[in-house]
Amino acid sequence: MSAPDPLILANIIRTKCESASELDVLTFVAVADDGSLTDRTRTYEELWNNGQRFAALLDELGMQQGQSFGLMMQNHPEFVDVMVGSSIANTIFVPIDPRTKGAKLVYMLTFAECRGLVVADYSLPALLDRDVASQLDHLEWILVVPTGPSGLDLDADKRLKAYPTFMDRPVPDLPVRATRSTDPMQMLYTSGTTGDPKAILSPHARFGTIASIGPGIGLEPNDRPYNGLSLTHANAQLITLGNVLAMGLRGVFSVKFTKSRLWDITRRYGCTMFNLLGGMTTAIYSEPVKPNDADHPVRYVLSAGMPKVIWENFRQRFGVEIFELYGTAEGGLTLNPPGGPVGSIGKAPPSMICSVRDEDDRECPPYVSGELCFKNADGSLPQLSYFKNQDATEKKLQGGWFRSGDIGHADEDGFLYFEYRKGTAIRRNGDFINPAFVEKAVAEHPLVDDVFVWGIATEANAPGEKEVVAAIVPRAPGEFDPQAVFDHCKEVLEANFIPAFIQVLAEIPKTASEKPQERFCFEAFKATPQSVHPRR
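Every chain is numbered on its own, with residues counted from 1 as its sequence reads. Thresholds applied to this predicted model are a pLDDT of at least 70 for local features of residues and 80 or more for the giving and counting of side-chain atom pairs; totals over whole chains, interfaces and linings are not thresholded and use all residues. Water and hydrogen atoms play no part in the side-chain values, which are based on all heavy atoms of the structure.

Participant: Summarise the environment of A126; cite the residues concerned and give the values.
Facilitator: Secondary structure elements follow DSSP: runs of H or I of four or more residues count as helices, runs of E of two or more count as strands, with numbering from the N terminus. Looking at the element boundaries, A126 is found in helix α5 (residues 124–128). Accessible area is worked out with a 1.4 Å probe on protein chains only. A residue is then buried under 20% of its type maximum, exposed over 50%, and partly exposed in between. A relative accessible area of 17% places A126 in the buried class. Sequence-wise, A126 and V492 are 366 residues apart; in three dimensions their C-alpha atoms are separated by 9.6 Å. Setting aside its immediate chain neighbours within four residues, A126 contacts T100, K101, L105 and V132. A contact between two residues is defined here by any heavy atoms of the two lying within 4.5 Å.

Participant: Can you tell me about the pairing of strand β5 (residues 114–120), naming the residues and giving the values?
Facilitator: Among the 7 residues of β5, 7 are classified as buried, and the element is accordingly described as predominantly covered. Strands are labelled as partners when DSSP assigns at least two bridges between them. In the sheet, β5 pairs with strand β6 (residues 141–145) via 5 bridges, with the strands oriented parallel. Following the sheet pairing, V119 is matched in β6 by V144.

Participant: Explain the packing of helix α2 (residues 44–60) against helix α3 (residues 77–89) to me, using residue names and the numbers behind them.
Facilitator: Fitting a line to C-alpha atoms yields each axis, with helices limited to the stretch in contact; the angle taken between N-to-C directions then spans 0 to 180 degrees. At a minimum axis separation of 7 Å, α2 and α3 run at an interaxial angle of 60°. By the angle class used here, α2 and α3 are oblique. The two elements α2 and α3 cross, and the hand of that crossing is right-handed. Contacts between α2 and α3 involve E46, L47, W48, N50, G51, Q52, F54, A55 and L58 on the former and, on the latter, V80, D81, V82, V84, G85, S86, I88 and A89. The residue inventory of the contact of α2 with α3, partitioned by class, reads 10 nonpolar, 5 polar and 2 charged. If an angle is under 35 degrees, it is roughly parallel; if it is over 145, roughly antiparallel; if it lies from 65 to 115, roughly perpendicular; otherwise it is oblique. Definitions for this section: a left-handed crossing has its near helix turned counterclockwise from the far helix by less than a right angle. A right-handed crossing has that turn clockwise. Only Asp, Glu, Lys and Arg are considered charged in this grouping, and only Ala, Val, Leu, Ile, Met, Phe, Trp, Tyr, Cys and Pro are considered nonpolar; every other residue, Gly among them, is considered polar.

Participant: Describe the packing of aromatic side chains, naming the residues involved and giving the relevant values.
Facilitator: When two rings of Phe, Tyr or Trp (its six-membered ring) have centres within 6.5 Å they constitute a pair, described as stacked for plane angles under 30 degrees, edge-to-face for angles over 60, and tilted for the intermediate range. Per the counting criterion, the structure on display carries 18 aromatic pairs. Judged by centre distance (5.4 Å) and plane angle (75°), the ring pair of W263 and F274 falls under edge-to-face. On the criterion of sequence distance, the pair formed by W263 in helix α10 (residues 262–269) and F274 in strand β12 (residues 273–277) is long-range, its members being 11 residues apart. According to the relative accessible area criterion, W263 is buried, its value standing at 7%. The rings of Y226, W263, F274, Y285, F314 and F318 are connected pair by pair, giving a single aromatic cluster. Positioned above the aromatic ring of Y386 is the side chain of K198, whose terminal nitrogen or guanidinium carbon lies 5.3 Å from the ring centre. Working rule: Lys NZ or Arg CZ, within 6 Å of ring centre, within 35 degrees of ring normal, means a charge sits over the ring. The side chain of K347 reaches across the aromatic face of F415, ending 4.5 Å from its centre.

Participant: So what's going on with unusual backbone geometry? Which residues, and what values?
Facilitator: The phi torsion at Y367 lies on the positive side, around 70°, for a residue other than glycine. We note that K388 has phi near 55°; this positive angle belongs to a residue other than glycine. Within the secondary structure layout, K388 lies in the loop between β17 (370–376) and α13 (390–396).

Participant: Can you tell me about α3, naming the residues and giving the values?
Facilitator: The span one expects for a helix is its residue count, reduced by one, times 1.5 Å. Counted at 1.5 Å a residue, the expected span for α3 with its 13 residues is 18 Å, and the 19 Å between its end C-alpha atoms agrees. A positive phi of about 60° marks N90, the residue just after α3.

Participant: Pulling in residues and values, what's your account of the environment of Q390?
Facilitator: Within the fold, Q390 resides in helix α13. Since its relative accessible area comes to 47%, Q390 is described here as partly exposed. Once the C-alpha coordinates of Q390 and G85 are considered, the two residues, 305 residues apart in sequence, prove to be 29 Å apart.

Participant: Can you lay out the sheet that holds strand β23 (residues 467–474) for me, pointing to particular residues and giving the numbers?
Facilitator: The mixed open sheet is built from 4 strands, whose spatial order is β22-β23-β24-β25. Each edge of the sheet is formed by a strand with only one pairing partner; in this case those strands are β22 (448–456) and β25 (532–534). Averaged over all adjacent pairs, the angle separating strand axes in this sheet is 25°, with direction ignored. Where strand β24 (residues 501–504) lies against β25, 3 bridges are found, and the strand directions are antiparallel. In the sheet register, Q503 faces β25, and the bridge partner there is V532. Across the sheet, helix α15 (residues 482–492) lies against β22, β23, β24 and β25, angled at about 135° from β24, the strand it touches most.

Have a look at this one:
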């Protein structure tokens with residue numbers, strides 16, 4: 001019989017149980033209402049035992065190998081329990097941002113063919129919304145994870161079941177059914193820059209391989225990593241969680257991101273490094289200066305999108321080194337360790353090749369912009385498959401390169417610099433915003449006659465990121481109230497999708513084919529600031 005594949009999550013946990021079963025490998029920190037920090041932990045043994053219980057539960061629910069279910073919650077211990085259990089059962093889990101609502105939630109659960117859903121109680125209202133629930137008849141079961149003392153109303157839907165009642169059962173002894181690391185472990189949704197988000201069939205090998213790069217991103221045996229990003233995001237899940245589990249480090253995760261308490265958490269738990277994305281760096285830097293800003297155990301920050309203009313000031317103010325990283329959920333990776341050029345995303349690791357290529361698929365000379373493209377060092381392509389979208393898969397891998405969709409350039413020494421996302425997408429705080437979702441929400445407000453959503457880069461944004469602008473033609477200009485539209489957006493959209501500005505126009509500039517013209521909106525934004533209303 002062949003040896004267990006070391007790239008499969010359940011095998012990683014089982015192996016660690018043999019040598020470090022009682023290590024508090026994961027700590028999940030929440031900020032209580034009174035401002036105190038509370039936490040819950042997981043050992044390797046607890047992860048294995050809970051994973052076994054969940055795998056047995058999936059069997060009871062009729063889940064077959066290769067079938068999918070949704071996972072919708074913040075960073076709670078149960079998130080990782082479910083990941084391990086799914087790996088044992090060889091099912092496919094689909095991480096969904098717990099803030100997701102409405103049509104987007106329906107789409108994500110339906111497109112991924114989810115038979116069930118594990119959901120935190122605070123996300124249940126979005127799921128049980130009448131317009132949403134009426135379109136989710138295909139969900140056969142819904143396991144609800146309680147996070148507060150209020151209790152669960154399981155009578156709202158016959159499919160609802162309390163997750164904890166199944167975790168008190170005896171621990172079974174199921175074999176790890178995931179045996180091939182090339183098989184899908186999860187579906188990671190893209191942000192849907194030009195339409196509905198695509199679902200990446202991410203294999204076990206993707207998690208296991210990223211979980212082996214710890215030393216390459218500066219991690220040492222005594223480090224204690226921290227991450228405040230969502231485990232539904234590849235950064236937190238693969239880079240931090242994966243390397244913590246594989247290296248046997250004691251990782252710390254915030255239940256949800258908190259810029260105001262970040263340094264308090266690192267002090268309390270002795271964290272020596274943490275991950276940041278895009279606009280989060282600016283958000284932390286924008287906090288009021290405190291005399292103890294540099295009084296903490298953090299030695300370096302693993303950043304993806306540190307703005308060049310605050311790079312050195314951030315490093316000096318907080319007393320940390322900057323390790324810049326670039327990567328995509330599908331493939332591609334570059335690293336710029338401390339000491340590299342400020343503002344650069346570095347170079348591809350030895351296992352990969354990165355080429356900046358022009359529209360004719362030729363490699364660009366230094367300082368000439370092109371698309372960042374990748375392949376493995378042996379010339380092969382990263383494993384990539386978009387679920388039910390072979391055309392998109394082939395387009396992403398055309399010409400023998402993985403095409404990131406990101407534009408950048410290299411300097412004369414081969415160091416790479418990210419510039420912007422290809423196309424008209426809006427990236428904010430690491431998320432690529434689909435304008436169609438925002439436009440739909442705004443257009444449904446009774447005060448709005450027409451709307452076009454676009455993005456504008458401000459001095460506060462990380463490189464390649466923009467703020468969301470909703471250009472609106474009011475139905476009755478004299479009665480238009482921008483704040484009413486902002487309030488509506490807060491009710492129906494995720495935080496990153498809410499416009500930062502409402503721009504009032506007499507008409508949306510369009511081509512003869514009715515295509516809105518962004519450049520004219522930009523010109524009006526600058527020329528008539530009185531028509532622009534910032535979010536308060």
